[in-house]
Amino acid sequence: MELFKTLSVLSLLVIALFSVTLVHAAKFDIINNCPDTLWAAAVPGGGKQLNKGETWTITAPPGTKEARIWARTKCQFDASGRGSCETGDCNGLLECKGFGSPPNTLAEYALKQFNDMDFIDMSNIDGFNVPMEFSSVSPGCNRVIKCAADIIGQCPNELKVQGGCQGPCWVFKTEEHCCNSGNCGPTAFSKFFKDRCPDVYSYPKDDATSVFTCPTGTDYKVVFCP
């Protein structure tokens with residue numbers, strides 16, 4: 001009888017802790033407004049095929065960081081979830097375990113960080129493959145980050161690749177563009193992205209105009225082709 005009582009108490013504690021985690025987890029609605037099918041990807045989260053108009057909802061607990069959401073294009077997967085994509089491919093898996101291959105437009109976030117704030121951004125450092133909007137949908141924050149310019153159509157010849165516009169670091173692999181030392185400035189190529197999407201990261205030290213905050217507990221929406 002005592003063992004039963006102990007197990008019951010433990011079960012209730014587990015349920016309570018699980019419920020608290022769910023209550024405070026941030027929700028991300030990922031929506032495909034593009035005319036074509038896309039394969040959404042998220043780390044953490046995995047991946048899912050999204051036909052036009054479909055939504056995929058994921059959650060992430062407080063403390064999650066170095067997280068990202070992106071779209072993959074022109075994918076083919078077999079019944080086991082293995083295949084490849086023209087852009088954004090994550091090691092040939094439908095259910096992504098790691099980051100995608102450039103070029104890919106990125107939504108990035110870190111939850112419940114300094115001063116109980118979420119830090120959110122979008123990035124073209126890995127290039128651009130799909131127009132995107134990343135926004136908060138809770139009353140306590142009204143942040144909207146958007147990159148919907150004709151990046152692919154206007155892409156400099158040096159950065160053009162099939163299905164997208166490549167980030168300059170991946171093309172030139174130089175310190176000037178990759179900023180591995182943390183000491184770099186904008187270049188003509190990073191300015192190409194920044195001029196068209198001013199709220200979006202264009203090179204690694206672009207923090208001042210590209211990182212935004214919302215109170216922890218905010219829910220979010222990512223829209224492909226806003």
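The notes below deal with the structure included here. Note that this is a predicted model, so its numbers are computed, not measured. (Residues numbered from 1 in each chain as written. Predicted model: local features only at pLDDT ≥ 70, side-chain atom pairs only at ≥ 80, totals over all residues. Heavy atoms only, no water.)

## Regarding the overall build of the protein
Part 1: Helices and strands together make up the secondary structure of the protein, namely 5 helices and 15 strands.
Part 2: Within the protein, the proportion of its 226 residues that are buried is 45%.
Part 3: Once local pairs closer than 6 in sequence are excluded, the contacts in the protein between residues at least 24 apart make up 61%.
Part 4: Accessible area of the protein: about 11500 Å², with a carbon and sulfur share of 55%. (Helix = DSSP H or I, 4+ residues; strand = E, 2+ residues; numbered from the N terminus. Buried < 20%, exposed > 50% of the residue type's maximum accessible area, 1.4 Å probe, protein only. Contact = heavy atoms within 4.5 Å. Areas by Shrake-Rupley, 256 points an atom, 1.4 Å probe, with all protein chains shown as cover.)

## Side note on the nonpolar core
Part 1: Formed by 40 residues in total, the largest nonpolar core has its most connected members in Phe 28, Ile 30, Ile 69, Tyr 109, Phe 134 and Phe 224.
Part 2: Counting 6 residues, the second largest nonpolar core, distinct from the first, contains Ala 41, Trp 70, Cys 90 and Cys 96. (Core = buried A, V, L, I, M, F, W, Y, C linked by side-chain atoms within 4.5 Å.)

## Re the packing of aromatic side chains
Part 1: Inspection of every chain in the model, using the stated rule, returns 5 aromatic pairs.
Part 2: Stacked on the ring of Phe 99, the Lys or Arg Arg 68 has its end atom at 3.8 Å from the ring centre. (Phe/Tyr/Trp six-rings, centres within 6.5 Å; stacked < 30°, edge-to-face > 60°. Lys NZ or Arg CZ within 6 Å of the ring centre and 35° of its normal.)

## A closer look at empty space enclosed by the protein
Part 1: Taken as a whole and judged by the stated rule, the model has 2 cavities of 30 Å³ or more.
Part 2: Lining the largest cavity are Ile 125, Pro 168, Cys 169, Glu 176, His 177, Gly 185, Thr 187, Ser 190, Ser 202, Tyr 203 and Pro 204.
Part 3: Of the residues contributing to the lining of the largest cavity, the split by class is 5 nonpolar, 5 polar and 1 charged.
Part 4: What the second largest cavity holds in volume is close to 30 Å³.
Part 5: For the lining of the second largest cavity, the per-class residue count stands at 6 nonpolar, 3 polar and 1 charged. (1 Å grid on protein atoms, 1.4 Å probe; cavity = no way out; pocket = protein on both sides within 12 Å on 5 of 7 lines; lining within 4 Å. Points joined across faces, edges and corners; volume = space filled by probe spheres on them. Nonpolar A, V, L, I, M, F, W, Y, C, P; charged D, E, K, R; others polar.)

## Some remarks on the pattern of salt bridges
Part 1: Per the counting criterion, the structure on display carries 4 salt bridges.
Part 2: Arg 68 is the salt-bridge partner of Glu 108, the closest N and O atoms lying 3.4 Å from each other. On the criterion of sequence distance, the pair formed by Glu 108 in strand E8 (residues 106–110) and Arg 68 in strand E5 (residues 67–72) is long-range, its members being 40 residues apart.
Part 3: Owing to a relative accessible area of 12%, Arg 68 belongs among the buried residues under this scheme.
Part 4: Its salt-bridge partner being Asp 126, residue Arg 68 comes within 3.6 Å of it at the nearest N-O pair. With Arg 68 in strand E5 and Asp 126 in the loop between strand E9 (117–123) and strand E10 (132–136), the pair connects residues that are 58 residues apart, well separated along the chain. In this structure, Arg 68 and Asp 126 share a single accessibility class: buried.
Part 5: The network of salt bridges with common partners includes Arg 68, Glu 108 and Asp 126. (Salt bridge = Lys/Arg side-chain N within 4 Å of Asp/Glu carboxyl O.)

## With respect to the side chain of Thr 105
Part 1: As for its position among the elements, Thr 105 is in the loop between strand E7 (83–84) and E8.
Part 2: With residues up to four places along the chain from it excluded, the contact list for Thr 105 reads Ile 69, Trp 70, Met 122, Ser 123, Asn 124, Gly 127, Phe 128, Asn 129, Val 130 and Met 132.

## Describing the state of the cysteines
Part 1: Tallied over the full model, the rule gives 8 disulfides.
Part 2: The partner cysteine of Cys 75 in its disulfide is Cys 85, sulfur to sulfur 2.0 Å. On the sign convention where negative means left-handed, the S-S torsion of about 110° between Cys 75 and Cys 85 marks this disulfide as right-handed. Here Cys 75, found in the loop between E5 and strand E6 (76–77), pairs with Cys 85, found in the loop between E7 and E8; they are 10 residues apart in sequence, far enough to count as distant.
Part 3: Of the residues examined, Cys 75 reaches a relative accessible area of 7% and is grouped as buried.
Part 4: A residue is classified by how much of its surface remains accessible, and Cys 85, at 12% relative accessible area, is buried.
Part 5: The disulfide bridge from Cys 179 ends at Cys 184, spanning 2.1 Å between sulfur atoms. (Disulfide = S-S within 2.5 Å.)

## Brief notes about the pairing of E10
Part 1: Judged by how many residues are buried, E10 sits mostly within the fold: 5 of 5 residues are covered.
Part 2: In E10, alternate side chains face the same way, and those of Met 132, Phe 134 and Ser 136 on one face and Glu 133 and Ser 135 on the other are all buried.
Part 3: Both E10 and strand E15 (residues 220–224) contribute to a ladder of 5 bridges, which runs antiparallel. Note on E15: the bridge partner recorded for Ser 135 is Lys 221. (Pairing = 2+ DSSP bridges.)

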